[in-house]
Amino acid sequence: LGRHKDDNRQSGFNYNGVDFNQNNLNVFAGLCAVDVPEHVEIMMKALEENGQVCTRMGAYKPRTNPYSFQGHGKGCLPWVFEKAGKHGIKVVAMEITHESHIEEIDTCLEKLGRPTGVMLQVGTRNTQNFELLKAIGRQSTYPVLLKRGFGITLNESLNAAEYLASEGNANVIFCLRGMKTEAGQPHRNMVDFAHVPAVKRLTRMPVCVDPSHSVGTRQHSPDGILDVMHATAQGVIAGANMVLVDFHPKPEKALVDGPQALLMNELPAYLEDIQLCHDTW
Ligand code: PEP
């Protein structure tokens, strides 16, 4: 992944008609966790209406508490992918927590005639799950979104990215999502978006920011601007190439992370602000 950029290989890749590189910007707004078809439909329709071709949808959820909702798993894949295709979504970012999920996703997409594409997400709890990284690295059908580990050094997380590349898959996007520390209060995590230019300098990878899981709340500052928006602006102005962000039609009904989801009527202004930030840096 060009840790030392000692050759001239280009950064980035094209997947399913969408370019991912260190210069452009792709937004993946969507549901943290897939719940009911109605909410997925509302989300995908809104994205289409706002000119978006990417989304995030969680089917396999890694939860801290074993009694919390664990995601619908492979059962929801057919209707999620069909709805994505229906609304012109080309890439769905989807976390997987076990290598068997790659085949579940692939089998489902193949059966449906590949109405959309999938970017395999490795969550922060699995950044150093080396066997999972190696399994994902061995396949080259799907690009990978690798989250930074929330309790390890940046260097250790960048080495995790090399696990993917060393097995053969260099189509990797590196995602900053905040670091776990009490100092981060009142936010869920300490926003680490100052590392965007550092990762771009050290590697060839496009860099994503996840303001939702960094901030973890819909709180807003006295000027009324949402903390998630402030964090997004920090990331994009720092040069982020991708934004992964939670929205939900009814956050109070969301099965995972409702308190940090933005509302559907906030989507147009959010996208507009991101574009402004991107055009500025
Ligand atoms: C997520 O993006 O759904 C998620 C669980 O994020 P993280 O791995 O960063 O906690």
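Residues numbered from 1 in each chain as written. Predicted model: local features only at pLDDT ≥ 70, side-chain atom pairs only at ≥ 80, totals over all residues.

Under the annotation held in an unreviewed UniProt entry, the protein chain carries the name Phospho-2-dehydro-3-deoxyheptonate aldolase and is attributed to Marinobacter litoralis.

Caption draft 1: Representation of the packing of helix α4 (residues 130-138) against helix α5 (residues 154-166) within the structure. Where α4 contacts α5, the axes come no closer than 7 Å and their chain directions differ by 40°. By the criterion of interaxial angle, the relationship of α4 to α5 is oblique. Our pair here, α4 against α5, has a crossing hand that is right-handed. Along its contact with α4, which presents Phe130, Leu133, Lys134, Ile136 and Gly137, the element α5 presents Ala160, Tyr163, Leu164, Ala165 and Ser166. Of the residues contributing to the contact of α4 with α5, the split by class is seven nonpolar, two polar and one charged. (Axes fitted to C-alpha atoms, helices over the stretch in contact; angles between N-to-C directions. Helix = DSSP H or I, 4+ residues; strand = E, 2+ residues; numbered from the N terminus. Parallel < 35°, antiparallel > 145°, perpendicular 65-115°, else oblique. Left-handed = near helix turned anticlockwise from the far one by under 90°. Contact = placed C-beta atoms within 7 Å. Nonpolar A, V, L, I, M, F, W, Y, C, P; charged D, E, K, R; others polar.)

Caption draft 2: Structural detail: unusual backbone geometry. Not every positive phi belongs to a glycine, and Asn16 is a case in point at roughly 55°. Along the chain, Asn16 falls in the loop between β1 (13-15) and β2 (18-20). A residue is classified by how many C-beta atoms lie within 10 Å of it, and Asn16, with 17 of them, is partly exposed. One non-glycine residue, Arg114, lies in the positive phi region at around 50°. By the element assignment, Arg114 lies in the loop between α3 (100-112) and β6 (117-122). (Buried ≥ 20, exposed ≤ 12 C-beta atoms within 10 Å, placed from the backbone.)

Caption draft 3: Representation of the site of the ligand within the structure. Within the structure, the ligand sits among Cys32, Gly58, Glu95, Gly123, Thr124, Arg125, Lys147, Arg177, Asp210 and His213. By residue class, the composition of the shell around the ligand is one nonpolar, four polar and five charged. (Near = placed C-beta within 6 Å.)

Caption draft 4: Layout of α3. Spanning 13 residues, α3 covers 19 Å between terminal C-alpha atoms, matching the ideal 18 Å at 1.5 Å per step. Among the residues of α3, those classed as buried are His101, Ile105 and Leu109. Angularly, the buried residues of α3 cover 65° about the axis, an arc narrow enough to put them on a single face. Summarising the geometry of α3, the exposed residues directed more than 90 degrees from the buried face are Ser100, Glu103, Thr107, Glu110 and Lys111. The inward-facing, buried residues of α3 contact α2 (77-86), β5 (91-95) and β6. Positive phi shows up at Gly113, right after α3, with a value of about 80°. (Expected span 1.5 Å × (residues − 1). Arc of directions from axis to C-beta.)

Caption draft 5: Representation of the confidence of the model for the protein chain. Counting all residues, the mean pLDDT for the protein chain is 94, and 96% of those residues have values of 70 or more. With a pTM of 0.96, the predicted complex shows an ipTM of 0.98. (pLDDT = per-residue confidence, 0-100.)

Caption draft 6: Fine view of the environment of Ala194. Tracing the backbone shows Ala194 in the loop between β8 (172-176) and α6 (196-202). Among the residues examined, Ala194 registers 11 C-beta atoms within 10 Å and is labelled exposed. Sequence spacing of Ala194 and Val34 is 160 residues, and the spatial spacing of their C-alpha atoms is 31 Å.

Caption draft 7: Main features of the nonpolar core. Counting residues in hydrophobic clusters, the biggest one holds 84 residues, and the most contacted among them are Val144, Leu146, Val172, Phe174, Cys208 and Val243. Excluding residues within four positions of it along the chain, Val144 makes contact with Met119, Leu120, Val122, Ile136, Leu164, Asn169, Asn171 and Val172. (Core = buried A, V, L, I, M, F, W, Y, C linked by C-beta atoms within 7 Å.)

Caption draft 8: Spotlight on the sheet that holds β8. Spatially, β3-β4-β5-β6-β7-β8-β9-β10 is the arrangement adopted by the eight strands of the closed barrel, whose pairing is parallel. Shown here is a sheet whose adjacent strand axes are inclined to one another by a mean of 25°, direction ignored. Summarising the sheet, strand β9 (residues 207-209) and strand β10 (residues 242-246) pair through two bridges and their orientation is parallel. Residue pairing in the sheet places Val209 in a bridge with Val243 of β10. Across the sheet, helix α1 (residues 37-49) is in contact with β3 (26-31) and β4 (54-57); its angle to β3 comes to roughly 155°. (Pairing = 2+ DSSP bridges.)

Caption draft 9: Spotlight on the packing of α1 against α2. Running from N to C, α1 and α2 point in directions that differ by 25°, and their axes come no closer than 10 Å. The angle between α1 and α2 places the two elements in the roughly parallel class. By crossing handedness, the relation of α1 to α2 is classed as right-handed. Together, Pro37, Val40, Glu41 and Met44 of α1 and Trp79, Val80, Lys83 and Ala84 of α2 make up the contact between the two elements. By residue class, the composition of the contact of α1 with α2 is six nonpolar, no polar and two charged.

Caption draft 10: Here's a closer look at the environment of Ala161. Tracing the backbone shows Ala161 in helix α5. Sequence spacing of Ala161 and Val207 is 46 residues, and the spatial spacing of their C-alpha atoms is 12 Å.

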